[in-house]
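Coordinate inspection notes
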Amino acid sequence: MSNLVYLMCSLPSLKFGQVPPISMDEFTEESKSQLSAKHFKKLEPVDIYQATDSEGKVSLKSIAVMLDEMKEDMAELRAAKAQRRTPGLARLPLAVVHANPLEREKLIMRWQWEELDTIVSGESFTLTEVMVYKLRLQILNRLNSFNKERGSQVLASVVNPPKKKEE
Amino acid sequence: MAGVKIKYTKTERARQKKILKVSLRMLPLFEAMEKSLMSTINTIAERIEEIRQEIDRNNRKAEPWVAVMSDSHVDITSFISVNKVITKHVDVAGVRVDQYEGVDFNVEPVQDDTPLWVDDAIELMKVQLQLMAEIDCLEEQIRLLEEELLDVRARIKLFENRRIPNAKTAIRKIGQKLQDDERLTIATAKVVKTSQKEGVMA
């Protein structure tokens, strides 16, 4: 418990949309040094992009549920687009339907962030709070990776790759 | 014509007349071919410009969301690549070229948890790659047509500056020589006849 308190107090607070105040490596190092081996083992596989770890185990049920629901809504959005109909979303905000791809990703991440608020409410200095912190750091890292110039370069690298010289 | 020895015969004159006739008939054909090639090249260049504008329009349309393509979670470059550009042979202004038909893509299937923007990016990239492939085909067409245009222009120059003037000069010179020969023959015959008459009188 005291380790969790110390860890949570030493970590900078996170706000949606900000530049990540610490890197994922720094977080991992910090949590590894502060948490017990058992707690750290539980924390390690927690991932915002997958509900289960490599062995198929669920790290935190509420997160797995959130990710599954999001996946279902994403499948519904894809199906609705293919069938040219209005999607019926269960969890994601309706605004995602007409938003451009960047805004849509941001809206989904904002939704994830708010869902994490619900998951962590009432939790103080628990492992769940550390897990949610990690997930939020992942969200911020991803959000921060969106860059117009780099995105344009990626597009150009696919659409107009440098031509190979003829031998 | 300089340095070329002309045979001053009626056969040669007939041959030169034939060359002149064929050359005068061929020249307008080559001139028409030159016009057609130039017009085709211009049309293709205009089409390339149109496609470039379309590419720019698509890029501008994607500008508000292009930042998402640098997503650290997804490597979009692994989702799509060109397998093959499909073309067919056609004759354009008498030149055999490859006409753009379409593009065969290698597209990785998206999973349920693949971010939604990937679908949009693949769609955009497909359109842009198709347009780029069409430009490549059209540029190659222009290259081939310009090669042909150079050839046709060389032929026109040959007819205008060499064949037609040479044939005309040859016909004129042969005509003069044949006329001179004829006059000489008549004069000689008259002299012979006069001297014969004088011999008889004496």
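Counting restarts for each chain: residues are numbered from 1 in the order of the written sequence. Think of it this way: whatever chain is written first is A, whatever ligand is written first is 1, and the rest follow in order. Local features in a predicted model are, by the rule used here, given only for residues with pLDDT of at least 70; side-chain atom pairs are given and counted only at 80 or more, and totals for whole chains, interfaces and linings are based on all residues.

**Some thoughts on the overall build of chain B**
- A tally of helices and strands in chain B yields two helices and two strands.
- Taken over C-alpha atoms, the radius of gyration is set against a globule rule of 2.2 Å times the number of residues to the power 0.38. Against the compact-globule benchmark of 17 Å for 202 residues, chain B has a radius of gyration of 35 Å, which places it well outside the compact range.
- Principal-axis analysis of the C-alpha atoms places the extent of chain B at approximately 130 × 25 × 25 Å.
- For every residue, the other C-beta atoms within 10 Å of its own C-beta are counted; 20 or more classify it as buried, 12 or fewer as exposed, and values in between as partly exposed. C-beta atoms are placed from the backbone. When the 202 residues of chain B are sorted by exposure, 18% land in the buried category. For the purposes of this entry, the term helix denotes a DSSP run of H or I that reaches at least four residues, the term strand denotes a run of E that reaches at least two, and both are numbered from the N terminus.

**Digging into the overall build of chain A**
- Secondary structure assignment for chain A yields seven helices and zero strands.
- The secondary structure elements of chain A, listed N-terminal to C-terminal, are α-α-α-α-α-α-α.
- Across its three principal axes, chain A shows a C-alpha extent of roughly 60 × 50 × 30 Å.
- Considering chain A as a whole, with its 167 residues, one finds that 28% of them fall into the buried category.

**Brief notes about the pairing of strand E1 (residues 80–92) of chain B**
All names here are of chain B.
- Two elements, E1 and strand E2 (residues 95–107), share 12 bridges in a ladder whose sense is antiparallel. Bridge pairing links Ile86 to Gly102 in E2.
- Between the end of E1 and the start of E2, which pair antiparallel, lie two residues, with Ala93 showing a positive phi angle near 50°. Note on pairing: two strands pair once DSSP finds at least 2 bridges between them.

**Overview of the nonpolar core**
- In this structure, Met131 and Leu135 of chain A together with Val68, Met69, Ile76 and Ala121 of chain B are the most contacted members of the largest nonpolar core, which totals 50 residues.
- For this core, the secondary structure elements donating two or more residues are helix H4 (61–82), helix H5 (101–120), helix H6 (127–145) and helix H7 (148–159) of chain A together with helix H2 (117–201) of chain B.
- With 10 residues, H6 of chain A is the largest single contributor of residues to this core.
- Counting five residues, the second largest nonpolar core, distinct from the first, contains Leu37, Ala93, Leu145 and Leu149 of chain B. Defined on buried residues, the nonpolar core groups Ala, Val, Leu, Ile, Met, Phe, Trp, Tyr and Cys residues joined through C-beta atoms within 7 Å.

**Points about the interface of chain A and chain B**
- What counts as a contact here is a pair of residues whose C-beta atoms, placed from the backbone, lie within 7 Å. On the side of chain B, 24 residues touch chain A, which itself brings 26 residues to the contact.
- For the side of chain A that touches chain B, the secondary structure elements donating two or more residues are H4, H5, H6 and H7 of chain A.
- Residue type decides the class: Asp, Glu, Lys and Arg count as charged, Ala, Val, Leu, Ile, Met, Phe, Trp, Tyr, Cys and Pro as nonpolar, and the leftover types, Gly among them, as polar. When its residues are assigned to classes, the side of chain A that touches chain B shows 11 nonpolar, eight polar and seven charged.

**Some words on the packing of helix H2 (residues 24–34) of chain A against H6 of chain A**
Residue and element names in this part refer to chain A.
- Running from N to C, H2 and H6 point in directions that differ by 165°, and their axes come no closer than 10 Å. In terms of orientation, H2 lies roughly antiparallel with respect to H6. Handedness of the crossing formed by H2 with H6: left-handed. Side by side, H2 and H6 meet where Met24, Phe27 and Ser31 of the first sit next to Val130, Lys134, Leu137 and Asn141 of the second.
- Class assignment of the residues belonging to the contact of H2 with H6 gives a composition of four nonpolar, two polar and one charged. Only the contacting stretch of a helix is used when fitting its axis, a line to C-alpha atoms as for every element, and angles between N-to-C directions run 0 to 180 degrees. An angle counts as roughly parallel when it lies under 35 degrees, as roughly antiparallel when it exceeds 145, as roughly perpendicular when it falls between 65 and 115, and as oblique in every other case. By convention, the crossing between two helices is left-handed when the near helix turns anticlockwise from the far helix through less than a right angle, and right-handed when the turn is clockwise.

**Some thoughts on the packing of H5 of chain A against H6 of chain A**
Residue and element names in this part refer to chain A.
- Where H5 meets H6, the closest approach of the two axes is 10 Å, and the angle between their N-to-C directions is 170°. Relative to H6, H5 is oriented roughly antiparallel. From H5, Lys106, Met109, Gln112, Trp113, Leu116, Ile119 and Val120 reach across to H6, where they touch Thr128, Glu129, Val132, Leu135, Arg136, Ile139, Arg142 and Leu143.
- In terms of residue class, the contact of H5 with H6 is made up of nine nonpolar, two polar and four charged.

**Considerations on the environment of Leu158 of chain B**
- Tracing the backbone through its elements, the reader meets Leu158 of chain B in helix H2.
- For the pair Leu158 of chain B and Val68 of chain B, spaced 90 residues apart in sequence, the C-alpha separation works out to 61 Å.

**Quick look at the environment of Ala14 of chain B**
- Mapped onto the elements of the fold, Ala14 of chain B is located in helix H1 (residues 10–62).
- Spatially, the C-alpha atom of Ala14 of chain B lies 8.3 Å from that of Ile171 of chain B, the residues being 157 residues apart in sequence.

**So, the confidence of the model for chain B**
- A residue's pLDDT is the predictor's confidence in that residue, given on a scale from 0 to 100. Overall, the prediction assigns chain B a mean pLDDT of 93, with 98% of residues at 70 or greater.
- Model confidence for the complex is summarised by a pTM of 0.84, with the ipTM given as 0.89.

**Some details on unusual backbone geometry**
- A positive phi angle is found at Phe125 of chain A, which is not glycine, with a value near 55°.
- Tracing the backbone through its elements, the reader meets Phe125 of chain A in the loop between H5 and H6.
- Here Ala93 of chain B, not a glycine, exhibits a phi torsion of approximately 50°, which is positive.
- Within the secondary structure layout, Ala93 of chain B lies in the loop between E1 and E2.
- For Ala93 of chain B, a count of 21 C-beta atoms within 10 Å translates into the label buried.

**Section: H4 of chain A**
- Over its 22 residues, H4 of chain A extends 32 Å from the first C-alpha to the last, a length consistent with the 32 Å expected when each residue adds 1.5 Å.
- Note on H4 of chain A: the residue one or two positions beyond its end, Arg84 of chain A, has a positive phi of about 50°. In this analysis, the expected span of each helix is defined as 1.5 Å times one less than the number of residues it contains.

**With respect to the environment of Gly122 of chain A**
Residues and elements named next belong to chain A.
- Within the fold, Gly122 resides in the loop between H5 and H6.
- On the neighbour-count criterion, Gly122 (8 C-beta atoms within 10 Å) is exposed.
- Sequence-wise, Gly122 and Lys106 are 16 residues apart; in three dimensions their C-alpha atoms are separated by 26 Å.

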